[in-house]
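Close look at the chain arrangement
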Amino acid sequence: MRRPWLPLAVATATALLGGQLAFAGSATADSDPVSAKPSPAPAYPADSLRALAARVGLRIGTAVNADELGSNAKYTQITAEQFSSVTAENAMKWAEVEAVRGTYTWEKADQLVAFAEKNRQLVRGHTLLWHNQLPAWLSTDGYTTTLSNEEVKAALKEHIFAQVRHFKGDIWQWDVVNEAFDDNGQPRQTIWYKAWGGTGYIADAFRWAHQADPHALLFYNDYNLEFTGPKSNAVYELVKSLKAQRVPIHGVGFQGHLSTQYGYPDLQSNLERFAALGQKVALTEVDVRTLTKPDAVNVPVDALAPYAQESYWSRSLKACLAVRACISFTPWGFGDSYSWVPGWFSNPQAGAALIYDEQLNPKGQYQVLQQDLALASGAPHRG
Ligand code: G3I
């Protein structure tokens, strides 16, 4: 069992002591102040996203496809070398860990946690409470169930305690509640909302998660919070209310699923207003999709689209860098072949959303992140 908060404590002490970490050649965990631990540690390139981000105490993460990790050598190497945080794309979701009520299948998630431990990475747990990917015995659509209200309440409490206790000490940030509001800022009428007769389930979920692991940072996570509007305003009021009730919520996850079909959001001002509530913030699921060819789902229709995508990636990272409370920046995977986007957005077709191409070669989107991070800790002095 690990205490992911310990590296953060060490890093804080280092920073307070003005510790300047030498930086040359290949980096090891020692040059990653947030996880500063004695070697031996796996080395990773000094120009990797994780090494460059460590210079300003930022964690660069990725969602991880459990089927590729360990079986695809190039995918596995990139995951280890480039990222200092990992998120289970699916392996920690309720349908994956308890398909049969009372029978837990932790293997895929445990493999990710072990991989993270070996590679000095912190883990984002995703997600304890959502209306998607629920086991069929609980609900097939997230909005209807054969269980009574009391059975739904008991099932959620049992699930949170079982899952958070299983991973106790291994999770840096938990996405406790995911996507509880619709784009109109109205609470989703999910089985949770119906069982509690309102949004009271949110406070209970956070309290239970905190009881199960007092050291984990507990997040509310959602998409389209990047834009000022009914949804981000509703979540802002939710967080204020939870804090007034002294509910243990520590952060807000901005998923960051962007598209060049739409304008760029006022992301930084939204990060700042949640930070002003005393919350940590994080970009948790970043991808930037664009219209692509139906017969080549990761080939942009417009040859200039990659430049717009690079701009959206760069502006998103710089917004996080500009807000001190922004502790992690996580693309929702890194290889276009493994992105959820083409399957989800097929009419019109969209894709090419990530930072490595179908052959796992870095794209321009990777290079702009690398350059922004290299400059984030100070451009080389002239002359
Ligand atoms: O595990 C089953 C497998 O047993 C079965 O054979 C196969 C074919 O039906 O399906 C597999 O489940 C799929 C699962 O991914 C694991 O691969 C589901 O069908 C598929 O719907 C699911 O898609 C995931 C999606 O969430 C579900 O909503 C994507 O991979 C995942 O990237 C996406 O991630 C979500 C975040 O969790 C929350 N924020 C939005 C984001 C994008 O939707």
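Naming follows an unreviewed UniProt entry, where the protein appears as Beta-xylanase of Actinoplanes lobatus. Turning to the protein, the UniProt record has this under Sequence similarities (unreviewed entry): "Belongs to the glycosyl hydrolase 10 (cellulase F) family." One UniProt comment on the protein, placed under Catalytic activity (unreviewed entry), says "Endohydrolysis of (1->4)-beta-D-xylosidic linkages in xylans."

1. Thoughts on the pairing of strand E4 (residues 173-178)
Summarising burial for E4: 6 of the 6 residues are buried, a large majority. Pairing of strand E3 (residues 122-129) with E4 involves 4 bridges; the strand directions are parallel. Along E4, the bridge assignment pairs leucine 129 with valine 177. Regarding the hand of the β-α-β motif, the stretch spanning E3, helix H6 (residues 149-166) and E4 is right-handed.

2. Some words on the state of the cysteines
Considering all chains together, one arrives at 1 disulfide under this definition. Across the disulfide, cysteine 320 is cross-linked to cysteine 326 (sulfur-sulfur distance 2.1 Å). Taking the torsion about the sulfur-sulfur bond, which here is approximately -100°, the covalent link between cysteine 320 and cysteine 326 counts as left-handed. Judged by its relative accessible area of 6%, cysteine 326 is buried.

3. Considering the nonpolar core
Most often, soluble globular proteins keep nonpolar side chains buried together rather than apart. Within the largest apolar cluster, 97 residues are counted, with the highest numbers of intra-cluster contacts made by Trp174, Trp192 and Phe329. The greatest single-element share of this core, amounting to 8 residues, is contributed by helix H8 (residues 200-212). With sequence-adjacent residues up to four places away left out, tryptophan 174 is seen in contact with Met92, Gly125, His126, Leu128, Gln163, Val164, Phe167, Ala216, Leu217, Leu218 and Phe219.

4. As for helix H10 (residues 267-275)
Helical geometry: 3.6 residues make up each α-helical turn, so side chains three or four residues apart lie on a common side. Among the residues of H10, those classed as buried are Leu267, Asn270, Leu271, Arg273 and Phe274. Down the axis of H10, the buried side of the element spans an arc of 165°, and every buried residue falls inside it.

5. Examining the site of the ligand
The immediate surroundings of the ligand are formed by 14 residues, with Glu89, Lys93, His126, Glu285 and Trp332 found nearest. In this structure, glutamine 133 approaches the ligand through a side-chain N or O atom, which is 3.5 Å from an oxygen atom. Measuring from an oxygen atom of the ligand, one finds a side-chain N or O atom of tryptophan 332 at 2.9 Å. Taking 790 Å² as the accessible area of the ligand by itself, protein coverage stands at 54%.

6. A look at the confidence of the model for the protein
When pLDDT is averaged along the protein, the result is 92; 89% of the residues meet or exceed 70. Contacts for the low-pLDDT stretch residues 6-25, under 50 throughout, to residues beyond four places or in other chains number 19 contacts.

7. Considering the layout of surface pockets
Over the atoms rolls a probe the size of a water molecule, and in doing so it shows where empty space is left. Estimated volume of the second largest pocket: approximately 660 Å³. Along the wall of the second largest pocket there are 27 residues; nearest its centre are Glu179, Tyr223, His257, Trp340 and Trp344. At the level of elements, strand E7 (257-259) and strand E8 (280-293) are the ones that each hand at least two residues to the lining of the second largest pocket. A per-element tally of the lining of the second largest pocket places E7 first, with 3 residues. When its residues are assigned to classes, the lining of the second largest pocket shows 10 nonpolar, 10 polar and 7 charged.

8. Side note on unusual backbone geometry
Residues histidine 126 and threonine 127 are joined by a peptide bond in cis, for which omega reads -5°. Secondary-structure assignment places threonine 127 in strand E3. The omega torsion of the bond from asparagine 347 to proline 348 falls at 5°, within 30 degrees of zero and hence cis. By the element assignment, proline 348 lies in the loop between helix H12 (341-344) and strand E11 (350-351). Although it is not a glycine, arginine 246 sits at a positive phi angle of roughly 60°.

Rules used throughout
- Residues numbered from 1 in each chain as written.
- Predicted model: local features only at pLDDT ≥ 70, side-chain atom pairs only at ≥ 80, totals over all residues.
- Heavy atoms only, no water.
- UniProt positions renumbered as here; feature names shortened; annotations may be inferred.
- Buried < 20%, exposed > 50% of the residue type's maximum accessible area, 1.4 Å probe, protein only.
- Helix = DSSP H or I, 4+ residues; strand = E, 2+ residues; numbered from the N terminus.
- Pairing = 2+ DSSP bridges.
- Right-handed = clockwise from strand over helix to strand, strands pointing away.
- Disulfide = S-S within 2.5 Å.
- Core = buried A, V, L, I, M, F, W, Y, C linked by side-chain atoms within 4.5 Å.
- Contact = heavy atoms within 4.5 Å.
- Arc of directions from axis to C-beta.
- Near = heavy atom within 4 Å.
- Polar contact = N/O pair within 3.5 Å; in protein donor to acceptor, adjacent residues only side chain to side chain.
- Areas by Shrake-Rupley, 256 points an atom, 1.4 Å probe, with all protein chains shown as cover.
- pLDDT = per-residue confidence, 0-100.
- 1 Å grid on protein atoms, 1.4 Å probe; cavity = no way out; pocket = protein on both sides within 12 Å on 5 of 7 lines; lining within 4 Å.
- Points joined across faces, edges and corners; volume = space filled by probe spheres on them.
- Nonpolar A, V, L, I, M, F, W, Y, C, P; charged D, E, K, R; others polar.

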